Number of protein chains: 2
Amino acid sequence: MQNVNLDTLFELSEFFRIFGDTTRIRIIQLLMEHDVSVNDIADMLGLEQSVVSHQLRILRTANLVKPRREGRKMFYALDDEHIGEIFNTGLTHILHKKKGK
Amino acid sequence: MQNVNLDTLFELSEFFRIFGDTTRIRIIQLLMEHDVSVNDIADMLGLEQSVVSHQLRILRTANLVKPRREGRKMFYALDDEHIGEIFNTGLTHILHKKKGK
DNA sequence: TCGATATATGAACACATATTCATATTTTCA
DNA sequence: TGAAAATATGAATATGTGTTCATATATCGA
């Protein structure tokens, strides 16, 4: 097994916590396709711009997404391939469970 | 991409939320090795029995663990291999990030 | 520079949730 | 059956967190 101390387990739970919100997981799924600007995220998900900005800050702080300025727009993208990979691993589990019923 | 509607995304976030707590992730890690009884979990993690029972209920309700009675002891085990897989995928990400610093 | 557009931020509020403490429930064994 | 051991549960409390609303900041074009 890999080296896991209490500190690492805490970070791990913090990391998973970020995925544990509907708004954030919807944003993550959207960004799996391609970069999207803040207002476009809000429009596509039917959310207020403020909600999106607040959640993007949480995602940014956790290094799950990274911003890129283009004129007065801000485009957000997933930070690395791991994010989508974890999303898909979880999704596979969910769909597998659903099938089982 | 796989079929994902709003409902599935909600379930997915709920699923990840379970991993998003230090106590629960510690229990999960413990159960990755082998089944453990409630009091043993409490002892090994230095937690109160009540805390462990409460969190086990959450894990049980979310189908992440399953109980097995043996005498007056209850042994808990991970529900399927996916749980450990997701744990490891997340852990790999964390350790990778740490290395990068 | 001024107005418009795009995004970020702060405070307030409502709600969810983890822990604690006390106690109930279940099972075993004498 | 009654006591002890193992686990579960409920209420209370404190803390965390997502959304809302208002407003600040930043950038571009006229």
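Since the model is a prediction, treat every value here as computed from it, not as a measurement.

Q: Could you clarify how one ought to interpret the sheet that holds strand S2 (residues 65-70) of chain A in this entry?
A: Through backbone hydrogen bonds, the strands of a sheet pair up, either in parallel or in antiparallel fashion. Residue and element names in this part refer to chain A. Taken in spatial order, the three strands line up as S1-S3-S2 in an open sheet, and their pairing is antiparallel. Unpaired on one side and paired on the other, strand S1 (36-37) and S2 mark the two borders of the sheet. As defined by bridge partners, S1 adjoins strand S3 (residues 73-78) across two bridges and the pair is classed as antiparallel. Each residue of the ladder has a partner; that of Val 36, found in S3, is Tyr 76. Strands S2 and S3 of the sheet are contacted by helix H4 (residues 49-61), whose axis makes an angle of about 120° with S2.

Q: Just to check I follow, could you spell out the protein's contact with DNA strand D for this structure?
A: Around DNA strand D sit 25 residues in total, of which Arg 24 and Ser 50 of chain A together with Gln 49, His 54 and Tyr 76 of chain B are the nearest. Take the atoms of DNA strand D that sit within 4 Å of the protein: sugar and phosphate atoms are 66% of them. A distance of 2.8 Å separates a phosphate oxygen of DNA strand D from a polar atom in the side chain of Arg 24 of chain A. Take His 54 of chain A: an N or O atom from its side chain is 3.2 Å from a base oxygen of DNA strand D. For the surface near DNA strand D, the per-class residue count stands at five nonpolar, eleven polar and nine charged.

Q: Can you help me understand the packing of aromatic side chains in this one?
A: For any pair of aromatic rings, the description consists of the separation of the ring centres together with the inter-plane angle of the planes. Inspection of every chain in the model, using the stated rule, returns seven aromatic pairs over all chains. On the numbers, 5.0 Å between centres and 45° between planes, the contact of Phe 16 of chain A with Phe 19 of chain B is tilted. Placement of the pair is Phe 16 of chain A in helix H1 (residues 6-19) and Phe 19 of chain B in helix H1 (residues 6-19), with the two residues belonging to separate chains. You'll find Phe 16 of chain A and Phe 19 of chain B in the same group, each marked buried.

Parameters and conventions
- Residues numbered from 1 in each chain as written.
- Chains lettered and ligands numbered in written order.
- Predicted model: local features only at pLDDT ≥ 70, side-chain atom pairs only at ≥ 80, totals over all residues.
- Heavy atoms only, no water.
- Pairing = 2+ DSSP bridges.
- Helix = DSSP H or I, 4+ residues; strand = E, 2+ residues; numbered from the N terminus.
- Contact = heavy atoms within 4.5 Å.
- Axes fitted to C-alpha atoms, helices over the stretch in contact; angles between N-to-C directions.
- Near = heavy atom within 4 Å.
- Polar contact = N/O pair within 3.5 Å; in protein donor to acceptor, adjacent residues only side chain to side chain.
- Nonpolar A, V, L, I, M, F, W, Y, C, P; charged D, E, K, R; others polar.
- Phe/Tyr/Trp six-rings, centres within 6.5 Å; stacked < 30°, edge-to-face > 60°.
- Buried < 20%, exposed > 50% of the residue type's maximum accessible area, 1.4 Å probe, protein only.

In short, the description is geometric, and any link to function would need to be established separately.
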